[in-house]
Amino acid sequence: MVIEAFIKRNQTMKKTKQLRNLLHSKNIEFIMEAHNGISAKIVEETGFKGIWGSGLAISASMGVRDNNEMSWTQVLDILEFMSEASSIPILLDGDTGYGNFNSVRRLIKKLEAIDVAGVCLEDKIFPKTNSFIGGERQPLADIDEFCGKIKAGKDAQKDDDFSIVARVEAFIAGWGLTEALKRANAYADAGADAILIHSKLSDPTDIFQFLKHWDNRKPIVIVPTKYYKTPTAELAEAGTSMVIWANHTMRSAITAMQESTKQIFTEQSLIGIEPKVVSVNEIFRLQNAEEYKTAEQSYLPQDRNISAFILAATKGDDFGSLTNNKPKCMLEAFGKSILENQIETMNECKIRQISVVVGYKKEAVAIPNITKIENEQYDKSGILYSYYLASKQFNGPCILSFGDILFKQHILRTLLEAEGDIVLVIDTSWWQGDKDRKIDAVICSAPSSSSYRSKSHTPILQIDTSIAKADAHGEWVGMMKFSSLGAELFRKELEIWRNEDEEAFVTSDINSFINRLIKKGLPITARYVHGHWLNINSLEDIYQISNMPQQ
Ligand code: SPV
Ligand code: MG
């Protein structure tokens, strides 16, 4: 909670200001190494208030040496990802500034453009070598020349809060306290915002000597990589303002990568490694994949991501022994099951994400590339309960369809193109109406019209099997479409009803629920079609299909 509150507060404060506050904080502060976008994010999530853009770790992550083998613009490319991935300030390890005073000016201009809060410049000669590799042989920069870089940098920055930390390498290069202090003072005079005093000793003698003689005119930053055994309290006590944990994100990543690859290599299997590594979902979380999903819904044409739910949990009452071993959706029609016919049509309309609510003889629904949603209560509940189970998986716009209907592709296309949040396909052909069975008749605000100017969708006023034929405008085919909003409204209303009256809810049919939504004022509309679909309800229907001439 504390970390979350901190992150939230920081998101509103300029990164340059955040770094400045850290440098001038009354307490000792800590910044942590990162070397790419994901490590920057991890450092921030952990709770650190700042990031060290380590030259060593960034070059190592690219598989090259800490000798300015990466060009400075290549470093900037990485840094831009790091900056984008985090809202805490980054202090870049800018080595020697990658050249002379003019390079520093250009560098700072570019750093400000990608919201990097500060740069640390070290008083060595370009191209540099890491301080822990033969440091005593490394030449130091001329003091005046280095001061010129600092001045040029300070003059170049547009944001007053951008920080330049001057790094004194005197101890690294084998010089003593006098040289270190001389340089630190000169750099402070030149305008440096803080001094980084570095040491490669495994004890903090040099650093403590320096701090003892430093008059606190500028904050002091240290990198205790080699004298790591010194308790932090002692570092604070000695007058350190900021500690850089300079390379441990990279080093721990290397440990983990070496161990994991070795294990997979020797075991030739992933079984042993799986419990030791984060899930792929954790990668998605760090990448903020969730936001992408939401954005897709706002900005992509909705139909492109439409999913489908087919309600196929029931046995069907009128099929005799045909449904002894399978639900009616698996009965054959035109050489394949009803369900496969439907799925094929959906696939042809580019709907790939298809879920089927199964119940009776669910194992018989053996179709590849579908997701099964199990309705354990298929024999105790009404069809609404299958809708309810489907609604729990709603994620954006979707088609819902009965599992016992066949329809031509153009009907589905018409529905996909229809406007509206909750749209039902309503047939006006009545060709099935001659049969002696109840149909899901609907009354709309207007009948279907062939006029060019007629509206493509018409509000539905009522749906019921008891509506007299003379009053009805058509028959619901059993298919409907939801926009993201429609799906969300539908899902919420199902939940509300369930909470209100569980018993009625569980046994309800879908028509009662649609009428309830209409009464509540939800926008439910009809998309009229004319024929070219089939509802398979009985043995007679199956018989008709088998004898139906192809036209
Ligand atoms: C870095 O992290 O690249 C540093 C610190 O400059 S050190 O490696 O200690 O020189
Ligand atoms: Mg470095």
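Bear in mind the structure is a predicted one, so any value in this text is a computation, not a measurement. Each chain carries its own residue numbering, running from 1 in the direction its sequence is written. Whichever chain is written first is A, and whichever ligand is written first is 1; the rest continue in order. Predicted model: local features are reported for residues with pLDDT of at least 70 only, side-chain atom pairs are reported and counted for 80 or more only, and whole-chain, interface and lining totals are derived from all residues. Hydrogen atoms and water are omitted, and side-chain values are computed over all heavy atoms in the structure.

Caption draft 1: Representation of the site of ligand 1 in the model. Any residue with a non-hydrogen atom lying within 4 Å of a molecule or strand is treated as near it. Lining the immediate environment of ligand 1, one finds Trp52, Ser54, Gly55, Leu56, Asp93, Asn130, Ser131, Phe132, Arg167, His198 and Ala246. Whenever two N or O atoms come within 3.5 Å, that pair is a polar contact, provided that in protein one can donate a hydrogen and the other can accept it, and provided that, for residues adjacent in sequence, both atoms are side-chain atoms. Between an oxygen atom of ligand 1 and a main-chain N or O atom of glycine 55, the distance comes to 3.2 Å. Side-chain polar atom of asparagine 130 to an oxygen atom of ligand 1: 3.0 Å apart, as the coordinates give it. For accessible areas, the Shrake-Rupley method is used with a probe of radius 1.4 Å. Any residue's cover is judged against the shown protein chains and nothing else. Contact with the protein chains covers 100% of the free accessible surface of ligand 1, which is 280 Å². Throughout, the ten residues Ala, Val, Leu, Ile, Met, Phe, Trp, Tyr, Cys and Pro are labelled nonpolar, Asp, Glu, Lys and Arg are labelled charged, and all others, Gly among them, are labelled polar. Residues of the shell around ligand 1, tallied by class, amount to four nonpolar, five polar and two charged.

Caption draft 2: Expanded view of the packing of aromatic side chains. Classification of ring pairs rests on two measures: the distance between centres of Phe, Tyr or Trp rings, Trp counted by its six-membered ring, which must be within 6.5 Å, and the angle between planes, read as stacked under 30 degrees, edge-to-face over 60 and tilted in between. With the rule as written, the count across this model stands at 16 aromatic pairs. The interplanar angle of 85 degrees and the centroid separation of 5.2 Å between the aromatic rings of phenylalanine 490 and phenylalanine 513 together place this pair among those described as edge-to-face. Here the residue phenylalanine 490 occupies a position in helix 17 (residues 484–500), and phenylalanine 513 occupies one in helix 19 (residues 510–519), the gap between them amounting to 23 residues. Under the relative-accessibility criterion, phenylalanine 490 is labelled buried at 1%. Numbered from the N terminus, helices here are DSSP runs of H or I no shorter than four residues, and strands are runs of E no shorter than two. For every residue, the accessible area (1.4 Å probe, protein chains only) is compared with the maximum for its type, and the residue is labelled buried under 20%, exposed over 50%, or partly exposed between those bounds.

Caption draft 3: Structural context of the sheet that holds strand 1 (residues 29–34). Spatial ordering of the closed barrel is given by 1-2-3-4-5-6-7-8, a layout of eight strands whose pairing is parallel. Sheet twist, expressed as the mean angle between neighbouring strand axes with direction ignored, is 30 degrees. Strand pairing follows a simple DSSP-based rule, namely that at least 2 bridges must link the two strands. The sheet contact formed by strand 2 (residues 51–53) and strand 3 (residues 90–93) spans three bridges and is parallel. Within strand 3, the residue paired with isoleucine 51 across the bridge is isoleucine 90. The criterion used for residue contact is that any of the two residues' heavy atoms lie within 4.5 Å. Interaxial angle, 0 to 180 degrees, is taken between N-to-C directions of lines fitted to C-alpha atoms, where a helix line uses only the stretch in contact. Packed onto the sheet, helix 6 (residues 101–113) meets strand 3, strand 4 (118–122) and strand 5 (163–168) and runs at close to 155 degrees relative to strand 4.

Caption draft 4: Structural view of the pattern of salt bridges. Any carboxyl oxygen of Asp or Glu that lies within 4 Å of a side-chain nitrogen of Lys or Arg is treated as forming a salt bridge with it. Evaluated as defined, the whole model comprises 29 salt bridges. In this structure, the salt-bridge partner of arginine 285 is glutamate 45, at a minimum N-O distance of 2.8 Å. Of the two residues, arginine 285 sits in helix 12 (residues 280–287) while glutamate 45 sits in helix 3 (residues 37–46), which places them 240 residues apart along the sequence. Its relative accessible area of 43% is what places arginine 285 among the partly exposed residues. According to the relative accessible area criterion, glutamate 45 is partly exposed, its value standing at 34%.

Caption draft 5: Quick look at a nonpolar patch on the surface. For patch building, the residue pool is restricted to those with more than 30% relative accessible area and no salt bridge; the joining distance is 9 Å between like charges and 5 Å between nonpolar side chains (Val, Leu, Ile, Met, Phe, Trp, Tyr). There is a patch of nonpolar side chains on the surface, built from Ile38, Ile42, Val278, Val280, Ile283 and Phe284 and spanning about 510 Å² of accessible area. For the nonpolar patch, the secondary-structure elements that each account for two or more residues are helix 3 and helix 12.

Caption draft 6: Geometry of the pairing of strand 17 (residues 441–444). The sheet contact formed by strand 17 and strand 18 (residues 458–464) spans four bridges and is antiparallel. The partner of alanine 441 across the bridge, within strand 18, is aspartate 464.

Caption draft 7: Summary view of the nonpolar core. If you look at the biggest cluster of nonpolar residues, it comprises 71 residues, and the most contacted ones within it are Tyr387, Ile399, Leu424, Trp476, Met480 and Ile510. When residues of this core are assigned to their parent elements, the largest contribution, six residues, is made by helix 15 (residues 383–391). Filtering out sequence-adjacent residues up to four positions away, tryptophan 476 remains in contact with Tyr387, Phe402, Leu424, Val425, Ile426, Asp440, Val442, Ile463, Ile510, Asn511, Ile514 and Trp533. In this description, a nonpolar core means a group of buried Ala, Val, Leu, Ile, Met, Phe, Trp, Tyr and Cys residues linked to one another through side-chain atoms lying within 4.5 Å. Core analysis: the second largest hydrophobic core is formed by 57 residues, Met70, Ala184, Ala186 and Val243 among them.

Caption draft 8: Spotlight on the pairing of strand 9 (residues 307–312). For strand 9, the tally of buried residues reaches six of six residues, placing the bulk of the element in the interior. The two faces of strand 9 match: Ser307, Phe309 and Leu311 on one face and Ala308, Ile310 and Ala312 on the other face are all buried. In terms of strand pairing, strand 9 meets strand 14 (residues 398–402) through five bridges, oriented parallel. Considered in strand 14, the bridge of phenylalanine 309 is made with leucine 400. Here strand 9 pairs with strand 12 (residues 354–358) via five bridges, running parallel. Within strand 12, the residue paired with phenylalanine 309 across the bridge is serine 355.

Caption draft 9: Region of the structure containing the side chain of threonine 96. The topology assignment puts threonine 96 in the loop between strand 3 and helix 6. Setting aside chain neighbours within four positions, we find threonine 96 in contact with Leu121, Glu122, Lys124, Ile125, Phe126, Lys128 and Lys149.

Caption draft 10: How the structure looks around the domain arrangement of the chain. For the domain bounds, the source is a domain assignment made automatically or taken from a database. We note that the domain assignment places domain 1 (2–246), domain 2 (256–286) and domain 3 (303–546) within the chain. Computed over C-alpha atoms, the centres of domain 1 and domain 3 are 64 Å apart.

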